[in-house]
Each structure stands twice: as structure tokens, then as C-alpha cells.
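Below, each chain spelled out in residue letters.
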Amino acid sequence: MSVAYYPSLAGIPTSQLSLFTPKPVKSKSCRLISWEAHSITNSSNNSGKRAQLQFSSRVTMCSSHSSSVTSAGYRQHKVVWIWTESKQVMTAAVERGWNTFIFLPDHRELATEWSSIALIHPLFIKEGKLFDSEGRGVATVYDVTSPQQLQLLQPEDKQADNVIINLLDWQVIPAENIVAAFQGSHITVFAISKSPSEAQIFLEALEQGLGGVVLKVEDATAVLELKDYFDRRNEDNNILSLTKATITQIHISGMGDRVCVDLCSLMRPGEGLLVGSFARGLFLVHSECLESNYIASRPFRVNAGPVHAYVAIPGGKTCYLSELVTGKEVIVVDQNGKQRTAIVGRVKIETRPLILVEAKGDSDNGTLYSVLLQNAETVALICPSQGSGYQKKAIPVTSLKVGDEVLLRLQGGARHTGIEIQEFIVEK
């Protein structure tokens, strides 16, 4: 992707590309902020709809589950602005669709130089104010130095546009307080972040997160890491293609070291992890969330299989179950292919009796797929969805029989460090 590619303009109709000389309207303010954030009105728009001066491409993030204050399928657009003097950071950001940059007032020559090689939207910060290249106010900037100031920072008028918060004594709780204070308002609240991990806290605070971040860095690696974070989170909105597979053989295999994966999230009936002996076909192994006569429900756990098995992780990658450690991420998938990211809280490896399950996919030429699992009543494979009404979610491996149908994720079998590659490979 070259620097000349600008996805942030992709959603703007051609007829409106000349409208980036908006007419300022009456400004609104936030309490304790000494200057005003200006909104913009398109003079040719008879409806009088207002447009925010947010040139940067928006990134859509989806909650892994519906929040108590939003409906299911909640989607929130996140905005990223960049504050840097590094040309390498600028290049990396523009190539990833982030082209709004903040400059100090004495760096106009730098802004002009960068504008000559890439389509960027420079903003200039001066005396606590943020202006565009034509001197129009774009956002308010507020330094938070005490809890008292944070408590007083409330939106007096829901029509204000952009507010940038600079938490000088950075902490997680202030980020959550800001999200709570501006929840439901039309104001886009940014936080100045000096690292991707700090930005992640702001974007996820109280599940909803702030509307955007100003990434203030001089290292291009930070841009790459933040973009990778967005890519992984956006996977939660993608539906994985799952196929039906028919059980062809079940065989008691003896003892082996199996892995229990305990997550930092609770799983619902019909959810589990994708696990398999071969990366080309991963079985959807159910969590231990179902009630059992043998053991208490553990909705955070998947008894996933032996140490050698592959498990699906974000980014379309796989890793070995033996490589999972506390803090690593995996993807949780349900019967319909809906996925979400979850964090591993603990991994337990213990010697247990194993059972070999083999199946053939219904959508290919009879390729054989297999998975080894602990031979226990609490270990189950997820069944295909049967539509509305009551559905069987899973079949315990102790009850599996030839001819049963389970769900399978088909993908490329050749892997290098978990990344799918194109090469000749035979696995059996």
C-alpha cells in the first residue's frame, strides 16, 4: 500500500469533496474549558445537518457482547489522530488510513512538507486550542491534573463537537470517569495517548471506550501495534464460515497430556474454541458451561485437547495448545460462526485418557480431519445450528457415534509460526 492511498475519503461522495471549507456556527463549550469547540455546517445542505471536522478515517470496533446500556450488535466508530514530528510515523499512519496530524504552531513548514507527499489534514495546537489550516477551531484541549477537575468536566451542551483530554497523571479510573461523563452525548472525546497500550485502555474503558485517541509518539512501531489492535478487535464483527462434518470413527487412544484453557470471560451455551490435530480443519470444542451430574459448571473453561493440537487465535493464526499462557488471546466462536476475542487466564496441563475423533467434511471431497480430546463426559463437540426453536448445542465425546454431525472450520493447512502460507504439505 502506498502513501498515496487515502481510505478516509472513501466514504465521502464526490459531490461533497469540495465542501471542506465549512461555515462555522455558534460554538459550544464544556464546563471548565476556557475556549470553544466549533461545529461545521455545509451551507449547501438544506437540511442543516452538522458535520464534525474529523478527517481521519474511522475504525469500527464491536463489543464482544452487548452492553447493558446498548443494544446487541453495538458498534462504535473510533477516531485516531496522530501527534508526531517523525516522517516514519507519518508514513506508517497514512498507509493505514490515519491522516489527521497535530502540529505545534512553529511546525507549519513541516506540515507543508508532509502535505506535499501525502494527503494529510494538519491541525495546529496553540494556547490550548486546536485549529485547522485556515484558523477554524476544531477541538478543545483540557489538561486534567486533579480529581476535582475531572469531576467538573461535564458536557454542558450535547452539541459540542470534539474534546481532547490530556491526563497528566494518567490512571485507568479517570478514563472510566470520562467515558461515564460523556456517555450518550454527541461530543467526540479524545485522550492523548503515548503508547498503544495506553490507547487501548482509553478505547475500552467501561466497555464503550472514548470516541478516539490522539497517539503522540515518535516511533512508527507504535502505529503498527495500534493498527494491529484494531484489526484484531474488528475480527469480532466477522462471521467465521463453519461447515458440517460427519463423524467417521471414534477410537480410545490411551494417555496423553491434555490442556484445559481457562479464560477471563464467561462462555455461553454453543460457544467454544476451535481445536484440531491439523490446521486445515479445526473442530469447535464446547466450553464446560453446561450443567452436569458429574461436576460443577465452569463456563470459563474449555477442555481443549492435547499439547500438540492447534487452536485458533486472532489474526487468522493458530498456535499450539502448549504455547498458550496467561495473557495470550484466543477466539471464542459460537454455533453460527460469531466470534469474539478472549484472554487466557490460566492453562492447566495434566495427564488424562484421550479419545481420537475423526470426521469428513460435507463440503469437500471427503478429506479426513481429526482431533484428540480427553475422554470425559464434560468434553463435547458443538453441533450445527438447526434454526429456530430448541437446539442441541453439543454432543459429549462419550456419547459420540459414527454418523453424528459436528462443526468444523476449514482453512489452509500449511503454517509457519501459526501464519497460513502457501506450500505443499502432507499431514496425517
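Note that the coordinates shown come from a computational prediction; the quantities given were computed from them, not determined experimentally.

A tally of regular secondary structure across the protein gives six helices and 26 strands. Taken across its 428 residues, the protein has 49% of its residues classed as buried. In the protein, the proportion of contacts linking residues at least 24 apart, taken out of those at least 6 apart, comes to 62%. Surface exposure of the protein reaches about 20100 Å², of which carbon and sulfur atoms provide 50%.

With that out of the way, let us pick up the packing of aromatic side chains. Two aromatic rings, taken as a pair, are described by how far apart their centres are and by the angle between their planes. Summed over all chains, the structure comprises seven aromatic pairs. Between Phe 103 and Phe 124, the ring centres sit 5.9 Å apart and the planes meet at 35°, which makes this aromatic pair tilted. Taken together, the positions of Phe 103 in strand β6 (residues 100–103) and Phe 124 in strand β7 (residues 121–126) put the pair 21 residues apart, joining distant regions of the chain. Each member of the pair Phe 103 and Phe 124 is classed as buried.

Moving on, we get to the packing of helix α5 (residues 196–204) against helix α6 (residues 220–234). One way to put it is that α5 packs onto α6 with a least axis distance of 9 Å and a crossing angle of 35°. Two packed elements cross with a definite hand, and for α5 against α6 that hand is right-handed. Here α5 contributes Pro 196, Ala 199, Gln 200, Leu 203 and Glu 204 to the contact with α6, which in turn contributes Ala 222, Glu 225, Leu 226, Tyr 229, Phe 230 and Arg 233. Of the residues assigned to the contact of α5 with α6, the class counts are seven nonpolar, one polar and three charged.

Turning next to the pattern of salt bridges. The full count for this structure, using the stated rule, is 11 salt bridges. A salt bridge links Glu 271 to Arg 268; the nearest nitrogen and oxygen atoms lie 3.2 Å apart. Beyond isolated ion pairs, a larger network of salt bridges with shared partners links Asp 132, Glu 134 and Arg 136.

Moving on: the nonpolar core. One finds Ile 82, Trp 98, Phe 101, Phe 103, Ile 165 and Leu 226 to be the most contacted residues of the largest nonpolar core, which totals 42 residues. If you look at the next biggest cluster of nonpolar residues, it comprises 37 residues, including Phe 283, Ile 355, Leu 381 and Leu 408.

A separate point is the pairing of strand β10 (residues 162–167). In terms of burial, β10 is a largely internal element, six of the six residues being buried. Burial of the side chains of β10 extends over both faces: Asn 162, Ile 164 and Asn 166 are buried on one face and Val 163, Ile 165 and Leu 167 on the other. Bridge count for strand β9 (residues 137–144) against β10 is five bridges, and the pairing is parallel. Each residue of the ladder has a partner; that of Tyr 142, found in β10, is Ile 165. One ladder, built from four bridges, connects β10 with strand β11 (residues 188–193); its direction is parallel. Bridge assignment links Ile 164 to a residue of β11, and that residue is Phe 190.

Here Glu 271 shows up in strand β14 (residues 271–278). Reaching out from Glu 271, the side chain makes a polar contact with the side chain of Arg 340 at a distance of 2.8 Å. Among residues more than four places away in sequence, those in contact with Glu 271 are Leu 266, Val 285, His 286, Ser 287, Val 332, Val 333, Asp 334, Arg 340 and Ile 382.

Here the phi dihedral of Glu 127 falls at roughly 50°; this positive angle occurs in a residue that is not glycine. Topologically, Glu 127 is positioned in the loop between β7 and β8 (129–132).

Take Asp 132: it is sitting in strand β8. Note: C-alpha distance between Asp 132 and His 121 (11 residues apart in sequence) is 7.9 Å. A distance of 2.9 Å separates the side chain of Asp 132 from the backbone nitrogen of Glu 134, its partner in a polar contact.

Taken residue by residue, the protein gives an average pLDDT of 77. The fraction at 70 or more is 72%. Low pLDDT, under 50, characterises residues 1–75; the stretch is placed with 161 contacts to residues that sit more than four places away or in other chains.

Moving on, we get to the pairing of β11. Each regular strand shows side chains that alternate between the opposite faces of the sheet. Of all the six residues making up β11, six are buried; the element is thus mostly covered by neighbouring parts of the structure. Burial of β11 is two-sided: the residues Thr 188, Phe 190 and Ile 192 facing one way and the residues Val 189, Ala 191 and Ser 193 facing the other way are all buried. Read as a crossover between parallel neighbours, the route from β11 over α5 to strand β12 (residues 212–216) is right-handed.

Following both chains from N to C, one finds helix α1 (residues 87–95) and α6 inclined at 20°, their axes separated by 8 Å at the closest point. When the axes of α1 and α6 are compared, the pair comes out roughly parallel. Where α1 crosses over α6, the handedness of that crossing is right-handed. For the pair α1 and α6, the contacting residues are Gln 88, Val 89, Ala 92 and Ala 93 in the first and Ala 220, Val 223 and Leu 224 in the second.

Analysis parameters
Residues numbered from 1 in each chain as written. Predicted model: local features only at pLDDT ≥ 70, side-chain atom pairs only at ≥ 80, totals over all residues. Heavy atoms only, no water. Helix = DSSP H or I, 4+ residues; strand = E, 2+ residues; numbered from the N terminus. Buried < 20%, exposed > 50% of the residue type's maximum accessible area, 1.4 Å probe, protein only. Contact = heavy atoms within 4.5 Å. Areas by Shrake-Rupley, 256 points an atom, 1.4 Å probe, with all protein chains shown as cover. Phe/Tyr/Trp six-rings, centres within 6.5 Å; stacked < 30°, edge-to-face > 60°. Axes fitted to C-alpha atoms, helices over the stretch in contact; angles between N-to-C directions. Left-handed = near helix turned anticlockwise from the far one by under 90°. Nonpolar A, V, L, I, M, F, W, Y, C, P; charged D, E, K, R; others polar. Salt bridge = Lys/Arg side-chain N within 4 Å of Asp/Glu carboxyl O. Core = buried A, V, L, I, M, F, W, Y, C linked by side-chain atoms within 4.5 Å. Pairing = 2+ DSSP bridges. Polar contact = N/O pair within 3.5 Å; in protein donor to acceptor, adjacent residues only side chain to side chain. pLDDT = per-residue confidence, 0-100. Right-handed = clockwise from strand over helix to strand, strands pointing away. Parallel < 35°, antiparallel > 145°, perpendicular 65-115°, else oblique.

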